[in-house]
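Observations on the model geometry
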Amino acid sequence: MTIYFYSTRGTYGCFSNFSPHGFELDGIYWATSEHYFQAQKFAGTPHCEQIRQVKTPKDAAKMGRDRKRPLRSDWEQVKEEIMRKAVLKKFQTHADIQEVLLSTGEEEIVENSPIDYYWGCGADGSGKNRLGVILMEVRQIIRNNLEKTSTSQQ
Ligand SMILES: Nc1nc(O)c(N)c(N[C@@H]2O[C@H](COP(=O)(O)O)[C@@H](O)[C@H]2O)n1
């Protein structure tokens, strides 16, 4: 059965980039994967650190989407890899939510966003659901790593 998530509430609320699961990445602490993702739109500029320091993921998203800030020119090429890197680190850092992700088995995971047709499925389900796809990829990466570790211990 397909697993839908959107808000940070409920069993699968941890799949949202707004969930309060911080991690260290690129040598520094990020309060949420949304903070990391939005800040990378301005990597190498002071905007990146400004976004890292805001209190809530909602504020980070607002700042990251504000086009008065100059978006890096390669953003379209790098955004998926950045999202994957952040989501992987988040689930590698927190054992409790890693368990939730692994507990979904082979089920499809869908970000049920009524407004986002790229990262989510959009209001009519026709969206690309790229965040859901990345969560499924991260699930597989973590599984493969766990398998490697247990094989090397035998
Ligand atoms: N809560 C919420 N509001 C929106 O308007 C959204 N687009 C989403 N989706 C999440 O937004 C992040 C990426 O946004 P941009 O590419 O900067 O527009 C990502 O975390 C999506 O899951 N959520």
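Remember, predicted model here, so these are calculated numbers, not experimental data.

**Observations concerning the overall build of the chain**
Check the secondary structure of the chain and you find 6 helices and 4 strands. Overall, the chain shows an N-to-C arrangement of helices and strands of β-β-β-α-α-α-α-α-β-α. Considering only C-alpha atoms, the chain reaches an extent of 50 × 40 × 30 Å along its principal axes. Buried positions account for 45% of the 154 residues belonging to the chain. Here the analysis covers contacts within the chain between residues at least 6 apart in sequence; of these, 55% occur between residues at least 24 apart. If you sum the accessible surface of the chain, you get close to 8500 Å²; carbon and sulfur atoms cover 52% of it. Of note, the chain has its 21 positive side-chain charges centred 6 Å away from the centre of its 20 negative side-chain charges.

**A closer look at the state of the cysteines**
Defined simply, a disulfide is a covalent bond joining two cysteines at their sulfur atoms. Counted by the stated rule, this structure contains 0 disulfides. No disulfide involves cysteine 14; its sulfur sits 18 Å from that of cysteine 121, the nearest cysteine. Relative accessible area serves as the criterion here: at 8%, cysteine 14 is assigned to the buried category.

**Focus: the packing of aromatic side chains**
If you walk through the whole model with that rule in mind, you get 8 aromatic pairs. Considering the side-chain rings of tyrosine 118 and tryptophan 119, the 4.9 Å spacing of their centres and the 90 degrees angle between planes classify their relative orientation as edge-to-face. Joined through ring pairs, the aromatic side chains of Phe5, Tyr12, Phe15 and Phe91 make up one cluster. The ring of tyrosine 118 carries the charged tip of lysine 79 above its face, separated from the ring centre by 4.0 Å.

**Here's the deal with the site of the ligand**
Around the ligand, 13 residues are found, and the nearest of them are Asn17, Glu34, Lys41, Arg65 and Asp116. Within the side chain of tyrosine 6, one N or O atom sits 3.2 Å away from a nitrogen atom of the ligand. In isolation the ligand offers 490 Å² of accessible surface; the protein chains occlude 78% of this area. Per element, the largest residue contribution to the shell around the ligand is 3 residues, and it comes from helix H1 (residues 33-39). Its residues placed into classes, the shell around the ligand shows 6 nonpolar, 2 polar and 5 charged.

**What about the UniProt feature "domain: NADAR" (unreviewed entry) in the chain?**
In the numbering adopted here, UniProt assigns the feature "domain: NADAR" (unreviewed entry) to residues 4-143. Note that residues 4-143 is 46% helix and 8% strand, and that its end C-alpha atoms are spaced 21 Å apart.

**Quick look at the confidence of the model for the chain**
Confidence in the prediction of the chain, expressed as mean pLDDT, is 97, and 100% of residues score 70 or more. Taken over the whole predicted complex, pTM reads 0.95, whereas the ipTM for its chain interfaces reads 0.88.

**Observations regarding the nonpolar core**
Within the largest apolar cluster, 33 residues are counted, with the highest numbers of intra-cluster contacts made by Phe15, Val87, Phe91, Leu101, Leu135 and Val138. Elements with a contribution of two residues or more to this core: strand S1 (3-5), strand S2 (23-25), H1, helix H2 (46-52), helix H3 (57-65), helix H4 (75-93), helix H5 (95-102) and helix H6 (130-152). At 8 residues, the largest contribution of residues to this core is made by H4.

**Digging into the pattern of salt bridges**
Scanning the entire structure with this criterion turns up 10 salt bridges. Across the pair aspartate 26 and lysine 85 runs a salt bridge, and its minimum N-O distance is 3.0 Å. Within this pair, whereas aspartate 26 is found in the loop between S2 and strand S3 (28-30), its partner lysine 85 is found in helix H4, the two being separated by 59 residues in sequence. Aspartate 26 gets classed as partly exposed once you look at its relative accessible area, which sits at 49%. A relative accessible area of 36% places lysine 85 in the partly exposed class.

How each quantity is defined
- Residues numbered from 1 in each chain as written.
- Predicted model: local features only at pLDDT ≥ 70, side-chain atom pairs only at ≥ 80, totals over all residues.
- Heavy atoms only, no water.
- Helix = DSSP H or I, 4+ residues; strand = E, 2+ residues; numbered from the N terminus.
- Buried < 20%, exposed > 50% of the residue type's maximum accessible area, 1.4 Å probe, protein only.
- Contact = heavy atoms within 4.5 Å.
- Areas by Shrake-Rupley, 256 points an atom, 1.4 Å probe, with all protein chains shown as cover.
- Lys, Arg positive; Asp, Glu negative; His and termini not counted.
- Charge placed at Lys NZ, Arg CZ, Asp CG, Glu CD.
- Disulfide = S-S within 2.5 Å.
- Phe/Tyr/Trp six-rings, centres within 6.5 Å; stacked < 30°, edge-to-face > 60°.
- Lys NZ or Arg CZ within 6 Å of the ring centre and 35° of its normal.
- Near = heavy atom within 4 Å.
- Polar contact = N/O pair within 3.5 Å; in protein donor to acceptor, adjacent residues only side chain to side chain.
- Nonpolar A, V, L, I, M, F, W, Y, C, P; charged D, E, K, R; others polar.
- UniProt positions renumbered as here; feature names shortened; annotations may be inferred.
- pLDDT = per-residue confidence, 0-100.
- Core = buried A, V, L, I, M, F, W, Y, C linked by side-chain atoms within 4.5 Å.
- Salt bridge = Lys/Arg side-chain N within 4 Å of Asp/Glu carboxyl O.

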